[in-house]
Amino acid sequence: MTTNSKTYDVIVVGAGHAGCEAALAAARMGCRVMLAAIDLDKIAAMPCSPSIGGMAKGQLVREIDALGGEMARVTDRTAIHFRTLNTRKGPAVHSSRTQNDKQRYHMTMKAVLEDTANLDIRQILVDRLLVENHRAVGIVDRTGFAVYGQTVVLATGTFLAGRVHIGDLSFMAGRAGEFSAEGLAADLKSLGFSMGRMKTGTPPRLHRDSIDFSVLERQDSQLHPRPFSYTSPGLGLQQVPSYIGAANAETIRTVSENISHSSLYGGFISGVSARYCPSFEDKVVKFPDRTSHQVILEPEGLDTKEIYVSGLGNSLPLEIQFALVRTIPGLEESEIMRPAYAIEYDYVDPLQLLPTLETRHLRGLYLAGQINGTSGYEEAAAQGLWAGVNAACRVQNRDAFVLDRSQAYMGVMIDDLVTRGTSEPYRMFTSRAEYRLMLREDNADLRLMEIGHELGLIDAEAAKDLRQRRRQIDEEIARLGKTVLKPGPKLDQYLADRGSSPVKTGTPAERLLKRSELDYDVVRNFAPPEAPLDARVIGQVEIAVKYEGYIRKQEKEIEKFRDMENTRIPEDFDFSAVHGLSNELCEKLDKVRPLSLGQASRIDGMTPAALSVLMVALKAGTGDTGGGGKVQGTNL
Ligand SMILES: Cc1cc2nc3c(=O)[nH]c(=O)nc-3n(C[C@H](O)[C@H](O)[C@H](O)COP(=O)(O)OP(=O)(O)OC[C@H]3O[C@@H](n4cnc5c(N)ncnc54)[C@H](O)[C@@H]3O)c2cc1C
């Protein structure tokens, strides 16, 4: 074994969405970082959909941005289509989604990494970890080259013993055309990690010139979107349309007649697939009464003719893929440039992680992204930032970084993973976030930017601007509460024009703004502030006034939640000493080792009765052998 002369504070294995954020966060916090990847031409690759964001994923991207991460900035510079979803519903479920130029996304992120101080990038295939005294101290690559580091972040995606499937054909690969990481997968098993197998898949890519777009429904990019990043003046690239089509009965018949040739339904795949991201075969089998399924044609970039066919993921043999694609109106002559395929890979059971994403039984080792059983670029990037920050905090002896479920979607995701685990690919949804009214896209900066600044990832200018906006929001809400609008012909006409009832007596501007048919424009017209306010300030004022009741109610719930989170369970608490807890529950508590009563309450199988028994025991000190810790971001 030969050893690298240089040692590092943080070694990041994997330059996917998780690894890039981890490496950038740690390097920007002042650590010496090495970032390893199997192929540098695939840094920040988007192996599946060309999109960033979407339901709840948009919230994650804005949270990454508010904490000083990179995904949102690169997204805005490479977006070729932008839409805000659910605008007819309340702000809690508004989510932005872009389609991006994949090649430019890769190149832009690679350039950001290359320009970052303290960060070395290396093309190597890591084969195993270096471990001393239950601590990860480095890595060894396929050639026997060792690199030492104080901490290691594994962000290896779909590569751990990755196997690609097309029909009855399969071969070891981390993605089509890339090596599989079999050595590292075996090493993690030999180190005692409990691991599982998951599966995901991708649709075919078609040549644009072989498609008849005239019979498809055009969907244009949104005009004047609010970019993902607070740093972006606007979107950098030309916007292009996507197209909507439909698979029909003929498509469904082609698949059902050949279902036994599918890798999934032919029994070649053992990995668990995602319920919410069904392959086309799944749709045919699980929804037999449906006679059509939507497909969306999304350009993969401005300088390529490749078209991504969302909704048509499958693992059928190529000749059947041609047959099924050509049953779809508009695609009758289509040429497949890249076949659809499925991939199965190993993941590490996230119940073996602390809320910092450090592994319980190997200190100094952090896991982020798909390796933890999640699926999605945004979920991976959020975990990468989290793990990178925590590795840096450990090296710099700073408080660990943990956000709770009332602060961020990231907090919800990581708490779900380390407290409940996952048996299928975990994707973020707004329904997972019980405090989603407070965790909106539009207030990610107000929730998290100060924390990003404390970490050293958000600069003083941005923090100053944030504080000034926060002050303006509070002052404007107070002003509207005190400003009374007197009835009069102009106001009556304005209200009548908007189908709103006239006012009979002096009415606080705030009360008018609460009317669903009115917006801040009524204030602008009849009670303007001394100086015009920033659109972001106005947006916050509108939401705070219109949803005041709901927000108050949620704040009360969060208070209760925080009380439970602040009821600490010592790290070495003896659950078996608590009378009234079932053996099964003690086993689960011992496996998860919850740090708080709140976390204990979310363990599968925890009952209110058992929770109160535990609460009493904690108060009485039964089982307590005297431990504890302090964490940044939330006062644990
Ligand atoms: C075929 C396919 C279909 C997908 N479909 C979907 C989908 O429909 N929906 C969805 O949400 N997500 C889908 N994904 C998943 C999505 O790509 C991932 O969620 C996301 O890319 C995960 O990011 P990551 O950073 O964890 O890992 P990845 O983006 O997979 O990156 C892993 C990185 O680790 C490096 N690496 C791995 N092992 C080693 C090693 N031993 N040594 C050095 N470097 C190593 C690789 O080179 C790469 O840079 C799909 C992925 C694939 C491959």
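Read on for a plain summary of the structure. This is a predicted model, so every value here is computed, not measured.

With respect to the site of the ligand
Not every one of the 35 residues close to the ligand is listed here, only the nearest: His17, Ala18, Val126, Gln370 and Gly376. Here an oxygen atom of the ligand sits 3.1 Å away from a polar atom, N or O, in the main chain of Ile38. In the complex, 96% of the free accessible area of the ligand, which totals 970 Å², lies under the protein chains. For the shell around the ligand, the elements supplying multiple residues, two or more each, are helix 1 (17–28), strand 3 (33–37), strand 13 (195–202), strand 20 (341–348) and helix 9 (377–395). Looking at the shell around the ligand element by element, the count peaks at 3 residues for strand 13.

Some details on the pairing of strand 18 (residues 306–310)
The buried count for strand 18 comes to 4 of 5 residues, which makes it a mostly enclosed element. Relative to strand 18, strand 14 (residues 205–207) is paired through 3 bridges, and the arrangement is antiparallel. Residue pairing across strands places Leu206 opposite Ile307, the latter belonging to strand 18. Here 4 bridges tie strand 17 (residues 293–299) to strand 18, and the two strands are oriented antiparallel to one another. Paired with Pro299 across the two strands is Ile307, which belongs to strand 18. The turn joining strand 17 and strand 18, which pair antiparallel and follow one another in sequence, is formed by 6 residues.

Re the sheet that holds strand 6 (residues 95–100)
The strand order across the open sheet formed by 3 strands is 4-6-5, and the pairing between neighbours is antiparallel. In this open sheet, the two edge strands, each paired with only one partner strand, are strand 4 (51–53) and strand 5 (79–85). Pairwise comparison of adjacent strand axes, ignoring direction, gives a mean angle of 20° for this sheet. As defined by bridge partners, strand 4 adjoins strand 6 across 3 bridges and the pair is classed as antiparallel. Within strand 6, the position partnered with Gly53 by the bridge is Arg97. Here helix 2 (residues 57–66) sits on the sheet and contacts strand 4, strand 5 and strand 6; the angle it forms with strand 4, its principal contact strand, is near 75°. Along the sheet face, helix 3 (residues 71–78) touches strand 4, strand 5 and strand 6 and points at about 115° away from the line of strand 5.

What to know about the sheet that holds strand 20
Taken in spatial order, the 4 strands of this open sheet run 12-11-20-13, and their pairing is antiparallel. The open sheet has two free edges, formed respectively by strand 12 (169–172) and strand 13, since each of these has just one partner strand. Averaged over all adjacent pairs, the angle separating strand axes in this sheet is 25°, with direction ignored. Bridging between strand 11 (residues 163–166) and strand 20 involves 3 bridges; their strand directions are antiparallel.

Notes on the pattern of salt bridges
On inspection of all chains with the given rule, the structure shows 50 salt bridges. The shortest N-O distance in the salt bridge between Arg562 and Asp404 comes to 3.1 Å. Remark: Asp404 occurs in the loop between strand 22 (400–401) and helix 10 (409–420) and Arg562 occurs in helix 17 (residues 548–565); sequence separation between them is 158 residues. On the basis of relative accessibility, which here comes to 29%, the residue Arg562 falls in the partly exposed class. The shortest N-O distance in the salt bridge between Asp590 and Arg593 comes to 2.6 Å. The class for Asp590 is partly exposed, based on a relative accessible area of 37%.

Topic: the packing of aromatic side chains
Enumeration over the complete set of coordinates arrives at 8 aromatic pairs. Consider the rings of Phe82 and Phe228, whose centres lie 5.8 Å apart with planes at 45°: the pair is tilted. One end of the pair, Phe82, is in strand 5; the other, Phe228, is in the loop between strand 15 (217–219) and strand 16 (242–247), and 146 residues separate them in sequence. Given the relative accessible area of 0%, Phe82 is considered buried. A residue is classified by how much of its surface remains accessible, and Phe228, at 2% relative accessible area, is buried. Centroid distance Tyr276 to Phe429: 5.6 Å. Interplanar angle 80°. Geometry classified as edge-to-face. Within this pair, whereas Tyr276 is found in the loop between helix 6 (249–257) and helix 7 (280–286), its partner Phe429 is found in the loop between helix 10 and helix 11 (444–455), the two being separated by 153 residues in sequence. Above the plane of the ring of Tyr494 lies Arg498, whose end atom (NZ or CZ) is 3.5 Å from the centre.

Cut-offs applied
Residues numbered from 1 in each chain as written. Predicted model: local features only at pLDDT ≥ 70, side-chain atom pairs only at ≥ 80, totals over all residues. Heavy atoms only, no water. Near = heavy atom within 4 Å. Polar contact = N/O pair within 3.5 Å; in protein donor to acceptor, adjacent residues only side chain to side chain. Areas by Shrake-Rupley, 256 points an atom, 1.4 Å probe, with all protein chains shown as cover. Helix = DSSP H or I, 4+ residues; strand = E, 2+ residues; numbered from the N terminus. Buried < 20%, exposed > 50% of the residue type's maximum accessible area, 1.4 Å probe, protein only. Pairing = 2+ DSSP bridges. Axes fitted to C-alpha atoms, helices over the stretch in contact; angles between N-to-C directions. Contact = heavy atoms within 4.5 Å. Salt bridge = Lys/Arg side-chain N within 4 Å of Asp/Glu carboxyl O. Phe/Tyr/Trp six-rings, centres within 6.5 Å; stacked < 30°, edge-to-face > 60°. Lys NZ or Arg CZ within 6 Å of the ring centre and 35° of its normal.

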